Amino acid sequence: MTETPTPRRRRTSAAAGDPSLDAATAARARMARATGVLMALVPCSAETARRLLAAAAEEAGTTVEESCKAAVALLTGQDEPTSLRQALRTAMRLARSGPEQGPGARLLPRAEVLREHIARFRALRRELLRAPEDLALQSRLDDATYTLCVMMGRRTPHDALKAAESLVGARPRPGEGAEGRSGPRES
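For clarity, every value in this text was computed on a predicted model and none was experimentally measured.

S.K.: For the overall build of the protein, give the residues involved together with the corresponding values.
M.R.: Per the secondary structure count, the protein includes 8 helices and 0 strands. Each helix (α) and strand (β) of the protein, taken in turn from the N terminus, gives the series α-α-α-α-α-α-α-α. When the 187 residues of the protein are sorted by exposure, 35% land in the buried category. Within the structure as shown, the protein displays about 11300 Å² of accessible surface, and the carbon and sulfur contribution to it stands at 53%.

Here is the structure:
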């Protein structure tokens, strides 16, 4: 008995050579990568990262696409326009500083639970810096960021991380700076 080969699916001629589809796919990939970079560096949610990219583009008078390139350049060390680089760093700094929190009564998690979550959070940030376009990893970091904010009763992930590290006596890892973030230093 001879098996007949199954026919292979062919791309439609409209989609096969359509440069606008290729450009749109590439733009989505750049947006995903830039979003991942900002999520790991700030830290912040994916939604906040996309807002930061748009805010930096508006501030510098350029496109979100250019803002995405500048965000990725933060990792690679490539040159990007000074006005865009400054706008992006300003947006990142503003995202780290949320509204002042008054001292409120709240329940805090046990220290060992908090240590485990800090370690998971840091590990996800490191993984996302290695693969910033990984949407599943971005989602996992989003969840960890939200959980850390809820656990610490803070509005920004940066404040939540600082408070959690302070509570358990954790020290920022080498290269993370005094504020507990990794990545390039702001100028």
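S.K.: Explain helix H2 (residues 19-41) to me, using residue names and the numbers behind them.
M.R.: Here H2 is 23 residues long and its end C-alpha atoms lie 33 Å apart, about the 33 Å a rise of 1.5 Å per residue gives. Considered for burial, the residues of H2 that qualify are Ala32, Ala34, Thr35, Gly36, Val37, Leu38, Met39, Ala40 and Leu41. Where H2 is buried, its residues touch helix H3 (46-60), helix H4 (64-76), helix H5 (82-96), helix H6 (111-130) and helix H7 (135-152).

S.K.: Kindly report on the nonpolar core, identifying the contributing residues and their values.
M.R.: Core analysis: the largest hydrophobic core is formed by 41 residues, its most contacted members being Leu38 and Leu88. Those elements that provide at least two residues to this core are H2, H3, H4, H5, H6, H7 and helix H8 (157-168). At 7 residues, H7 tops the list of elements feeding residues into this core. Sequence-distant contacts of Leu38, defined by excluding residues within four places in its chain, comprise Pro43, Cys44, Ala49, Leu52, Leu53, Ala71, Leu88 and Met92.

S.K.: I'd like to hear about the packing of H2 against H6, residue by residue, with values.
M.R.: In contact at an axis separation of 9 Å, H2 and H6 are set at 150 degrees when each is read in the N-to-C sense. As summarised for this structure, H2 and H6 are arranged roughly antiparallel, according to the angle between their axes. Here H2 and H6 pass one another in a crossing that is left-handed. Residues Gly36, Met39, Ala40 and Leu41 of H2 lie in contact with H6, whose contacting residues are Arg125, Leu128 and Leu129.

S.K.: Give a detailed account of the side chain of Arg122, specifying residues and quantitative values.
M.R.: By the secondary structure assignment, Arg122 is in helix H6. A distance of 2.5 Å separates a polar atom in the side chain of Arg122 from a polar atom in the side chain of Glu165.

S.K.: Run through the pattern of salt bridges, naming residues and quoting values.
M.R.: Pairing between side chains becomes possible if they bear opposite charge and their charged atoms approach one another. All told, the structure shown has 6 salt bridges when counted by the stated rule. In this structure, Glu47 engages Arg51 in a salt bridge whose closest nitrogen and oxygen atoms are separated by 2.9 Å. Here Arg51 and Glu47 lie together in helix H3, a separation of 4 residues that amounts to about one turn. A salt bridge links Glu66 to Lys69; its shortest N-O distance comes to 3.4 Å. Residue Glu66 and its partner Lys69 are both found in helix H4; the two are separated by 3 residues, about one turn of the helix. With a relative accessible area of 41%, Lys69 lands in the partly exposed category.

Each value, and the rule that gives it
Residues numbered from 1 in each chain as written. Predicted model: local features only at pLDDT ≥ 70, side-chain atom pairs only at ≥ 80, totals over all residues. Heavy atoms only, no water. Helix = DSSP H or I, 4+ residues; strand = E, 2+ residues; numbered from the N terminus. Buried < 20%, exposed > 50% of the residue type's maximum accessible area, 1.4 Å probe, protein only. Areas by Shrake-Rupley, 256 points an atom, 1.4 Å probe, with all protein chains shown as cover. Expected span 1.5 Å × (residues − 1). Contact = heavy atoms within 4.5 Å. Core = buried A, V, L, I, M, F, W, Y, C linked by side-chain atoms within 4.5 Å. Axes fitted to C-alpha atoms, helices over the stretch in contact; angles between N-to-C directions. Parallel < 35°, antiparallel > 145°, perpendicular 65-115°, else oblique. Left-handed = near helix turned anticlockwise from the far one by under 90°. Polar contact = N/O pair within 3.5 Å; in protein donor to acceptor, adjacent residues only side chain to side chain. Salt bridge = Lys/Arg side-chain N within 4 Å of Asp/Glu carboxyl O.

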